[in-house]
Amino acid sequence: MVTSKGVGLAVPDWPTTFGYNMFLFPVSKWIGGIFFEHTHRLIASAVGFLTIILAIWLWRSEPRRWVRNLGALALGAVILQGVLGGLRVTMLKDEIGIFHACLAQAFLGLVVVIALVTSKFWRTLSNVIVDPRKLAAITTTAIAITIAIYVQLALGATMRHQHRDLAILDFPTANGAWIPDTSAAALAKINAWRDARALSDVDAFQIWLQMAHRFLASIITVTVVAFCLRVWRDAQGVAALRRLSILWVALVVCQIALGAWTIWSNKAADVATAHVAVGAIMLSFGVSICAICWRILHGQRNERRAITTFESEGAVPV
C-alpha cells in the first residue's frame, strides 16, 4: 500500500519519525501518507520482534538442527529487511526498494516453511505413500512454478518501484496491438499521446518489462492448471496436495482478474495492493506444496533405506 500510494517518503527520516522515537510518535500526527508509512514501520518492528522470539524458541526447544537454522536464517533476513527499508529512505535508491520487496517475499516463504515443519500435520506426511517417480515429477513441476511466481513478483516489484504511470494502459492488448510496436516512431507517437494526458513518458524497456510480466503470468496460469490436473491424477491419496492445487488454480484466476483490473483502473492503489497480496499468497501455496512433496519423498526414501538395511542384515521388517 505504501508503494502503491507513493507515500514511501512521507516520513523523510529513519529510524526516527520526524525526529521522534518511532514508538513515541504522536497518534494525532498519523495523517495522510504519514499514516501508511509510519504504520508500515510499526508492523515491521512487530514482525521483527516476533521473529526474534521465534528464533530463540526454536533454538531452545526444536531438536532438528536444520529447523533451528531456518529460525536463525529468518532472523537474519528480517534484520536485513529492516536495514534495507531504512536505506531506501535515507539513500533514495529505487533499486533498494526492489530488493526490499523481493526479500519480503522470500522471508514470507521461509516463515511458511517454518510454520509447516513445526506442525503436527508435518509428522503425518511421513506415512503417505505415492509412486516415487510420479511424485518426483510433481515436485519438479511445483518447484518450477514457485520459482516462476517469485520471478513474477520480482518483475512486479521492478515496475512498481519505478514510481511511474503504467507503461501499457490497455488489456488484453498492448497499446492497441497484441505485440506492441516499440520503434522510435511508435514511441514518439505514444509519448505525445501520454503527454497530452499528463502521463509520464515511457521507453521500450518499460513496455517490454510489462509484456514480460504478462507473458510469464500466462505461463504460470497454464502450468498451475496442468499441475492441478496432474496431482488429481497421480497423487489422489494426498488430500493436502489436492486441496492446495485446487486453491492454487482459484488464486491464479483471481490474480489475472486483479492484474487486468489494475490496468483498467490505471493502477488504483487498493487494487494494485490486492494484486501484490494475492501474488504473495500464491507464492506461499507454492512453497507449501514443494515442502509437502519433499517431505513425502524424504519419508519414502528413508523407509526404503530402512528396508534395505534390514534385508542386508538378514532381518525381516515387521
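1. Comments concerning the overall build of the chain
Secondary structure assignment for the chain yields nine helices and zero strands. Helices (α) and strands (β) of the chain occur, in sequence order from the N terminus, as α-α-α-α-α-α-α-α-α. Principal-axis analysis of the C-alpha atoms gives the chain an extent of 85 × 50 × 30 Å. By residue count, 42% of the 318 residues in the chain fall in the buried class. When the accessible surface of the chain is summed, it comes to about 17000 Å², and 70% of that surface belongs to carbon and sulfur atoms. Placing the 28 positive and 17 negative side-chain charges of the chain at their respective mean positions leaves the two points 8 Å apart.

2. Some words on the side chain of E62
Locating E62 in the fold gives a position in the loop between α1 (32-61) and α2 (65-91). At a separation of 2.7 Å, a polar atom in the side chain of E62 contacts the side chain of R64. With residues up to four places along the chain from it excluded, the contact list for E62 reads W57, V67, R68 and T118.

3. Quick notes on the packing of aromatic side chains
What the rule picks out here adds up to seven aromatic pairs. Measuring from centroid to centroid gives 5.4 Å for F35 and F36, while their planes differ by 80 degrees, and the two rings are edge-to-face. Centre to centre, the rings of W122 and W294 are 6.2 Å apart; their planes meet at 20 degrees, and the pair counts as stacked. On the criterion of sequence distance, the pair formed by W122 in helix α4 (residues 120-124) and W294 in helix α9 (residues 269-312) is long-range, its members being 172 residues apart. With a relative accessible area of 1%, W122 lands in the buried category. Grouped by ring-pair contacts, the aromatic residues F18, Y20 and F25 constitute a single cluster. A cation sits over an aromatic face here: R242 above W232, 5.1 Å from the ring centre.

4. What about the pattern of salt bridges?
Inspection of the entire model under this criterion finds five salt bridges. Between D94 and R88 there is a salt bridge whose closest N-O contact spans 3.0 Å. We classify R88 as buried; its relative accessible area is 15%. When the shortest N-O distance is used, the salt bridge between R230 and D234 registers 3.5 Å. Here the residue R230 and the residue D234 both occupy positions in helix α7 (residues 204-234), the gap between them amounting to four residues, near one helical turn. Exposure remark for D234: the relative accessible area of 12% places this residue in the buried category. Salt bridges here are not isolated pairs; linked through shared partners, they connect R230, R233 and D234.

5. Re the environment of L58
One can find L58 in helix α1. Separated by 44 residues in sequence, L58 and C102 place their C-alpha atoms 25 Å apart. L58 has contacts with V67, R68, G71, I114 and T118, leaving out every residue within four places of it along the chain.

6. So, the packing of helix α3 (residues 94-117) against helix α5 (residues 132-160)
Contact geometry of α3 with α5 gives a least axis separation of 9 Å together with a crossing angle of 150 degrees. Of the possible angle classes, the one that applies to α3 and α5 is roughly antiparallel. The way α3 lies across α5 gives a crossing that is right-handed. On the side of α3, the interface is formed by I98, A101, C102, L103, Q105 and A106, while α5 contributes Y150, L153, A154, A157, T158 and R160. Broken down by class, the residue content of the contact of α3 with α5 amounts to nine nonpolar, two polar and one charged.

7. Quick look at a nonpolar patch on the surface
Nonpolar side chains collect at one region of the surface, where F49, L50, I53 and W57 lie side by side and expose about 480 Å² of accessible area between them. Structurally, I53 can be placed in helix α1.

About the cut-offs
- Residues numbered from 1 in each chain as written.
- Predicted model: local features only at pLDDT ≥ 70, side-chain atom pairs only at ≥ 80, totals over all residues.
- Heavy atoms only, no water.
- Helix = DSSP H or I, 4+ residues; strand = E, 2+ residues; numbered from the N terminus.
- Buried < 20%, exposed > 50% of the residue type's maximum accessible area, 1.4 Å probe, protein only.
- Areas by Shrake-Rupley, 256 points an atom, 1.4 Å probe, with all protein chains shown as cover.
- Lys, Arg positive; Asp, Glu negative; His and termini not counted.
- Charge placed at Lys NZ, Arg CZ, Asp CG, Glu CD.
- Polar contact = N/O pair within 3.5 Å; in protein donor to acceptor, adjacent residues only side chain to side chain.
- Contact = heavy atoms within 4.5 Å.
- Phe/Tyr/Trp six-rings, centres within 6.5 Å; stacked < 30°, edge-to-face > 60°.
- Lys NZ or Arg CZ within 6 Å of the ring centre and 35° of its normal.
- Salt bridge = Lys/Arg side-chain N within 4 Å of Asp/Glu carboxyl O.
- Axes fitted to C-alpha atoms, helices over the stretch in contact; angles between N-to-C directions.
- Parallel < 35°, antiparallel > 145°, perpendicular 65-115°, else oblique.
- Left-handed = near helix turned anticlockwise from the far one by under 90°.
- Nonpolar A, V, L, I, M, F, W, Y, C, P; charged D, E, K, R; others polar.
- Patch = residues over 30% accessible without salt bridge, like charges linked within 9 Å, V, L, I, M, F, W, Y side chains within 5 Å.

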